[in-house]
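Topology and contacts: notes
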Amino acid sequence: VQLQASGGGLVQAGGSLRLSCTFSGSTFRSYDMGWYRQAPGKQRELVATINGSGATNYTDAVKGRFAISRDSAENTVYLQMNSLKPEDTAVYYCFASVTLSVVYAYWGQGTLVTVSS
């Protein structure tokens, strides 16, 4: 499995960004997808997940502001980030996971999101 993330950048507080993560190398619909983030000096934090059926989960800090979605035709997962805050500044990593006899997890390279105040 290969994951290619894109879409990070510099945005002012209150602005929006959309992150994309393109999946290849296996059957996209079989995998749960999601995003983690890691801010400087902090532990990696789970931001949002979406399973193959489209069910989503969010960490409380982003509920109502971020939306995760997936496009099976494009094998891509998106993270729409609205009303961005300086505390959203972090490197964002997409991941894919599937549970067979064990959990297999794959990571994309990070994409930096910087929110200026």
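Now for a look at the structure at hand. (Residues numbered from 1 in each chain as written. Predicted model: local features only at pLDDT ≥ 70, side-chain atom pairs only at ≥ 80, totals over all residues. Heavy atoms only, no water.)

**Thoughts on the sheet that holds strand β3 (residues 17–24)**
With antiparallel pairing, the four strands of this open sheet are ordered in space as β1-β3-β8-β7. The open sheet has two free edges, formed respectively by β1 (2–6) and β7 (66–71), since each of these has just one partner strand. The mean angle between the axes of side-by-side strands here comes to 15°, regardless of whether they run parallel or antiparallel. Bridge count for β3 against strand β8 (residues 76–81) is six bridges, and the pairing is antiparallel. Considered in β8, the bridge of leucine 17 is made with methionine 81. (Pairing = 2+ DSSP bridges. Helix = DSSP H or I, 4+ residues; strand = E, 2+ residues; numbered from the N terminus. Axes fitted to C-alpha atoms, helices over the stretch in contact; angles between N-to-C directions.)

**Observations concerning the packing of aromatic side chains**
Counting across every chain of the model gives six aromatic pairs. Taken together, Phe23, Phe28, Tyr31 and Tyr106 form an aromatic cluster joined through their ring pairs. The cationic tip of arginine 44 hangs over the ring face of tyrosine 93; the distance from NZ or CZ to the ring centre is 4.0 Å. Over the ring of phenylalanine 28 we find arginine 70, and its NZ or CZ is 4.3 Å from the ring centre. (Phe/Tyr/Trp six-rings, centres within 6.5 Å; stacked < 30°, edge-to-face > 60°. Lys NZ or Arg CZ within 6 Å of the ring centre and 35° of its normal.)

**Comments concerning unusual backbone geometry**
Within the chain, asparagine 75 stands out as a residue other than glycine whose phi angle is a positive 50°. Relative to the assigned elements, asparagine 75 resides in the loop between β7 and β8. A positive phi angle, near 50°, is found at serine 83, a position not held by glycine. Position of serine 83 relative to the elements: it lies in the loop between β8 and β9 (90–99).

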